[in-house]
Amino acid sequence: MKRGLQVSHTGFIVVFCGLLYAICNTLNIDKLSKWFHHSDRLDAVALSGYLLAGLCLFTAFFTLLAHRRTIKPLAILLTVLSAAATYFIAKYDVAIDRSMVMNTVHTDATEVWQLLSPQMIPYVVFLIIAPVLLIWSLDIGFEANGRYLFASARLVVITVCVALAALYLNFNAIHRAGNISNKYIVYSLVPVNVISGGLNALGKSLKPHLATNKKPVEISASVAAPGNLVVVLAVGESSRRKNFSLYGYTRQNTNPVLQNTSGLHLLNAIATRGSTLYALPQILEKKDVKLTQVVAKAGVPTACYVNYTLYDNCEAVGETKVSNCKHGDKCYDEDVIPLLEANLKTREPGYGFVVLHLGGGSHGPTYGDRHPPEFKKFEPMCNDADVANRCTLEQLYNSYDNTILYVDHVLGQIIQTLDRSGTPYVFIYLSDHGESLLEDGVMFHGMPPGVPLPKEQAEIPLIVKASVPLSIAARESYQQPDVFDTVLDLFTIRSPLFDRAGSFIQLTPDSEFRTSSNFDPSEVRQDHH
């Protein structure tokens, strides 16, 4: 008994791929076409050739996987993923690549809830529910005894040939657009971006399991001069330097605690990766070796306390997630502090390394969910995930500034905890990347690797505080990978991975590790420009 409208499998493939591709990319055609302008004129031929090539390659890919039991589930899956990608490209101008796919996989329920908005309803109804119901109702016919495979093969050959011809005839213009956009023309082409990003993410995830003959990385590390010092490295999330009062932000005071903390060294750091997944290794990894691996190999007790996750960057020593949180079921960045405090109380004299992940930080879109209610100081706030269309700039900045105010509180509490412990320490804080707040129409973060970050995402705070005498190497800016070498240098760890030129903190030679309690304004070093 036939369930609905009958259509051949090749007919379904052509219509489905054509409609999905056309509808999704028409909604965001302005974000794609801007890269095909040459001498203030749109190169319509090159753009059309590129779109045709993308459609044909998508059709060929879908055809290869479209069989009796897979065609409908695959079509429905691609419909849902394409609708989601179209929405987020339209609203937030994001790029869908491997890092975005992997970030999506690691997104927890809280972050998913924050992304929901009434603005999604038309996309859900017209790009998901209606197409899925239609696809499910169709009766897709396949020729018997595998003869449908010949039709599929013919369609694949035709579409691939057309794609190659379109790319060949417009190669220079398409290549130019790809270079100028740093592959954004791929990252914004739905569902080619979803398929490409998904396959790349899958390949990266499977690579460690498929490498049968890969030898384990040999790590050579030793402490040259034993001492008594704890290094605490706190990594923040999406907190840009521009909105720290410590660095000259005047709209409102976002750093009342740190402004009254003596001995701070304020440095200008630069992030080069706009996605947490890729930004963390810039700080915590060198040549595929994790910082925690090297420090632990040298015999230094190492611990990682996290709100959210550091992914595999603490795999060697394990990460301890916050629990029994102060605000009940809701955990915030301050909940790593009791873990730090317990560590300090039980430590033996000697070196110790603690990594704190302040993963709430200033991550959007619902900034108010990143801090306890008592830090909603600057009002009115933006409480809608669709900040670009539902909130004023004043609301947006107030909401973001409240997250910086909370970062200020958490950093102040960490420093006070270290001071109370009496432990000789060096404290280093930096963010993984910054955040765009509609500057030049860009919102949030998430640029793919290789795409230069807007300055709002690139310029991050780097704050150093110590209870022991030290000096800071004067530089115009500090790179995130320098932290790796700096931590090794503080522990006098010598390893082939160590590069002295990267280290920017030097302890005063032959001095006892002691806590300085007297405030001297000259101690507050502001190296930003």
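## Digging into the state of the cysteines
Phase 1 of the analysis: Applying the stated criterion to the full structure yields 3 disulfides.
Phase 2 of the analysis: Covalent S-S linkage joins Cys304 and Cys314, the inter-sulfur distance amounting to 1.9 Å. Torsion about the S-S bond of the Cys304 and Cys314 cystine: about -80 degrees, corresponding to left-handed handedness. With a gap of 10 residues between them, Cys304 in strand β10 (residues 302-307) and Cys314 in the loop between β10 and β11 (319-321) connect regions that are remote in the sequence. Comparing Cys304 with Cys314, the two get one shared label, buried.
Phase 3 of the analysis: Disulfide pairing places Cys382 opposite Cys391 at an S-S distance of 1.9 Å. Between Cys382 and Cys391 the disulfide shows an S-S torsion of about 55 degrees. By sign, it is right-handed. For the pair Cys382 and Cys391, one class covers both residues: buried.
Phase 4 of the analysis: By sequence-ordered numbering of the bonded cysteines, the chain has its disulfides arranged as 1-2, 3-4, 5-6.
Phase 5 of the analysis: Just so you know, Cys17 is unpaired, no disulfide at all, and the nearest cysteine sulfur is the one on Cys56, 10 Å from it.
Phase 6 of the analysis: No disulfide involves Cys161; its sulfur sits 9.9 Å from that of Cys56, the nearest cysteine.

## Some thoughts on the packing of helix α1 (residues 9-27) against helix α8 (residues 148-169)
Phase 1 of the analysis: Taken N-terminus to C-terminus, the directions of α1 and α8 make an angle of 30 degrees; their axes are 10 Å apart at the nearest point. One element, α1, and the other, α8, form an angle in the roughly parallel class. Across the interface between the two elements, His9, Thr10, Ile13 and Val14 of α1 pack against Tyr148, Ala151, Ser152 and Leu155 of α8.
Phase 2 of the analysis: For the contact of α1 with α8, the class distribution of residues is 5 nonpolar, 3 polar and no charged.

## Regarding the side chain of Thr492
Phase 1 of the analysis: By secondary structure assignment, the location of Thr492 is in the loop between α18 (482-490) and β19 (493-494).
Phase 2 of the analysis: Taking relative accessible area as the criterion, Thr492 reaches 15% and is therefore assigned buried.
Phase 3 of the analysis: Within the structure, the side chain of Thr492 is placed 2.9 Å from the backbone nitrogen of Ala225, a separation counted as a polar contact.
Phase 4 of the analysis: With near-sequence residues (within four places) excluded, Thr492 lies in contact with Ser222, Val223, Ala224, Ala225 and Tyr351.

## Some words on the environment of Gln293
Phase 1 of the analysis: Tracing the backbone through its elements, the reader meets Gln293 in helix α13 (residues 291-297).
Phase 2 of the analysis: Judged by relative accessible area, Gln293 falls into the partly exposed class, the value being 26%.
Phase 3 of the analysis: For the pair Gln293 and Val317, spaced 24 residues apart in the sequence, the C-alpha separation amounts to 7.4 Å.
Phase 4 of the analysis: When neighbours within four sequence positions are excluded, Gln293 is seen to be in contact with Ile219, Asp288 and Ala316.
Phase 5 of the analysis: Only 2.9 Å separates the side chain of Gln293 from the backbone nitrogen of Lys290, close enough to count as a polar contact.

## Remarks on the pairing of strand β6 (residues 229-236)
Phase 1 of the analysis: Counting buried positions along β6 yields 8 of 8 residues, so the element is predominantly enclosed.
Phase 2 of the analysis: Because side chains alternate across β6, one face comprises the buried residues Leu229, Val231, Leu233 and Val235, and the other comprises Val230, Val232, Ala234 and Gly236, equally buried.
Phase 3 of the analysis: Two strands pair when backbone bridges link them, and β6 and strand β12 (residues 351-358) are joined in this way by 7 bridges, in the parallel orientation. By the bridge assignment, Val235 is partnered in β12 with His357.
Phase 4 of the analysis: Where β6 meets strand β13 (residues 425-431), 7 bridges bridge the pair, whose relative direction is parallel. Bridge pairing in β13 places Val235 opposite Leu430.

## Topic: the pattern of salt bridges
Phase 1 of the analysis: Under the definition given, this model contains 12 salt bridges.
Phase 2 of the analysis: Its salt-bridge partner being Glu439, residue Lys242 comes within 3.9 Å of it at the nearest N-O pair. Here the residue Lys242 occupies a position in the loop between β6 and β7 (265-270), and Glu439 occupies one in strand β14 (residues 436-439), the gap between them amounting to 197 residues.
Phase 3 of the analysis: On the accessibility criterion, Lys242 (41% relative accessible area) is partly exposed.
Phase 4 of the analysis: Residue Lys290 pairs with Asp312 through a salt bridge whose shortest N-O separation is 3.5 Å.

## Quick notes on the pairing of strand β16 (residues 459-466)
Phase 1 of the analysis: For β16, the tally of buried residues reaches 7 of 8 residues, placing the bulk of the element in the interior.
Phase 2 of the analysis: Across 6 bridges, β7 lies against β16 in antiparallel orientation. Residue pairing across strands places Ile270 opposite Glu459, the latter belonging to β16.
Phase 3 of the analysis: Of the strand pairs in this sheet, β13 and β16 are connected by 5 bridges, and their pairing is antiparallel. The residue bridging Val426 from the neighbouring strand is Ala466, located in β16.

So, how was this worked out
- By convention here, each chain's residues receive numbers from 1 onward along its written sequence.
- In keeping with the predicted nature of the model, local features appear solely for residues at pLDDT of at least 70, side-chain atom pairs appear and are counted solely at 80 or more, and the whole-chain, interface and lining totals rest on all residues.
- The side-chain figures draw on all heavy atoms in the structure; neither hydrogens nor water molecules are used.
- Cysteine sulfur atoms that pair up within 2.5 Å are treated as a disulfide.
- Numbering goes from the N terminus for both helices and strands, where a helix is a DSSP run of H or I of at least four residues and a strand is a run of E of at least two.
- Relative accessibility decides the category of a residue: with a 1.4 Å probe and only protein chains considered, values under 20% of the type maximum give buried, values over 50% give exposed, and everything between is partly exposed.
- A fitted line through C-alpha atoms serves as each axis, taken over the contacting stretch for helices, and the angle formed by two N-to-C directions is quoted from 0 to 180°.
- Any angle between 65 and 115 degrees counts as roughly perpendicular, while under 35 counts as roughly parallel, over 145 as roughly antiparallel, and the rest as oblique.
- Residue contacts follow a heavy-atom distance rule, with two residues in contact if any of their heavy atoms lie within 4.5 Å.
- Under this grouping Gly is polar, as are all residues other than the nonpolar Ala, Val, Leu, Ile, Met, Phe, Trp, Tyr, Cys and Pro and the charged Asp, Glu, Lys and Arg.
- Here a polar contact is recorded for every N or O atom pair within 3.5 Å, except that within protein the pair must consist of a potential hydrogen donor and a potential acceptor, and residues adjacent in sequence are included only if both atoms are side-chain atoms.
- If DSSP finds at least two bridges between two strands, the strands pair.
- Salt bridge criterion: a side-chain nitrogen from Lys or Arg within 4 Å of a carboxyl oxygen from Asp or Glu.

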